[in-house]
Amino acid sequence: MQSISIQIQPEFLAEFDRAAFLTQVRSVGRSPEIDEFTEKGKTYLSFNFFTEFPKKLWQDLQQALYQHAEYSKIISPISTAVCEDESHPEGYLILHHFDKTEKVDQL
């Protein structure tokens, strides 16, 4: 089983609408595991989606979030998305990054 995680950057948590995010992902029939923790004074929020089929899940998540006509304007500039990949040297692939100058990987 693999996972795709979407992390909201700490500086945007105060204005982030968790309910709206969950509505978007539930539109594709998904309910994530939510992981919230504080490290070095910063709070991190991750939504973890577990799957046997990461390519299909990523397509669905992209449609609901990053390619959505309205919601992409909200989520794209405040999040990163990664896929656990043990075959990759770093153990994960970056699928989306809020900083458009960062290199992203393909599944």
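Source: prediction; values computed, not measured. Per chain, residues are indexed from 1 in the order of the written sequence. The model is predicted, so local features are restricted to residues of pLDDT at least 70 and side-chain atom pairs to those at 80 or more, both for listing and for counting; the totals for chains, interfaces and linings are taken over all residues. Values shown for side chains rest on all heavy atoms present in the structure; no hydrogens or waters enter the calculation.

**Notes on helix H2 (residues 54-66)**
Thinking step 1. Every buried residue of H2 is listed here: Pro54, Leu57, Trp58, Asp60, Leu61, Ala64, Leu65 and Tyr66.
Thinking step 2. Whether two residues are in contact is decided by their heavy atoms, any of which lying within 4.5 Å being enough. For helices the rule is a DSSP run of H or I covering at least 4 residues; for strands it is a run of E covering at least 2, with both sets numbered from the N terminus onward. Summarising the contacts, the buried residues of H2 are in contact with strand E1 (2-8), helix H1 (18-26), strand E3 (42-51), helix H3 (72-75), strand E4 (79-84) and strand E5 (92-97). Exposure classes here rest on a 1.4 Å probe applied to the protein chains alone. A residue is buried below 20% of its type maximum, exposed above 50%, and partly exposed in between.

**Some remarks on the side chain of Ser5**
Thinking step 1. Its location among the elements puts Ser5 in strand E1.
Thinking step 2. Any N or O atom pair separated by 3.5 Å or less is treated as a polar contact, with the protein-specific requirement of one donor-capable and one acceptor-capable atom, and with residues adjacent in sequence counted only for side-chain atom pairs. At a separation of 2.6 Å, a polar atom in the side chain of Ser5 contacts the side chain of Asn48.
Thinking step 3. Discounting residues that sit within four places of it in the chain, Ser5 has contacts with Phe47, Asn48, Thr80, Ala81 and Val82.

**Description of H1**
Thinking step 1. Burial in H1 covers these residues: Phe21, Leu22, Gln24 and Val25. Summarising the axial view, the buried residues of H1 lie within an arc of 160°, below the 170-degree limit, and thus occupy one face. For H1, exposure combined with an orientation more than 90 degrees from the buried face picks out Ala19 and Thr23.
Thinking step 2. Looking at the buried side of H1, the elements it contacts are E1, strand E2 (33-39), E3, H2 and H3.
Thinking step 3. N-capping of H1 is provided by Asp17, with a side-chain oxygen placed 3.2 Å from the backbone N of Ala19. This arc describes the spread of directions from the helix axis toward the C-beta atoms.

**Let's talk about the sheet that holds E5**
Thinking step 1. Between any two strands, at least two bridges found by DSSP are needed for them to pair. On the basis of which strands lie adjacent, the open sheet formed by five strands has the order E2-E3-E1-E4-E5 and antiparallel pairing. Every other strand in the sheet has two partners, leaving E2 and E5 as the edge strands with one partner each. For this sheet the average axis-to-axis angle between neighbouring strands, irrespective of direction, equals 25°.
Thinking step 2. Here E2 pairs with E3 via seven bridges, running antiparallel. Pairing of Glu33 across the sheet is with Asn48, part of E3.
Thinking step 3. To get an axis, a line is fitted to the C-alpha atoms, and for a helix only the part in contact is used. The angle between two axes follows their N-to-C directions and goes from 0 to 180 degrees. Seen against the sheet, H1 touches E1, E2 and E3 and runs at an angle of roughly 15° to E3.
Thinking step 4. Each of E1, E3, E4 and E5 is contacted by H2, which is oriented at about 25° to E1, the strand it contacts most.

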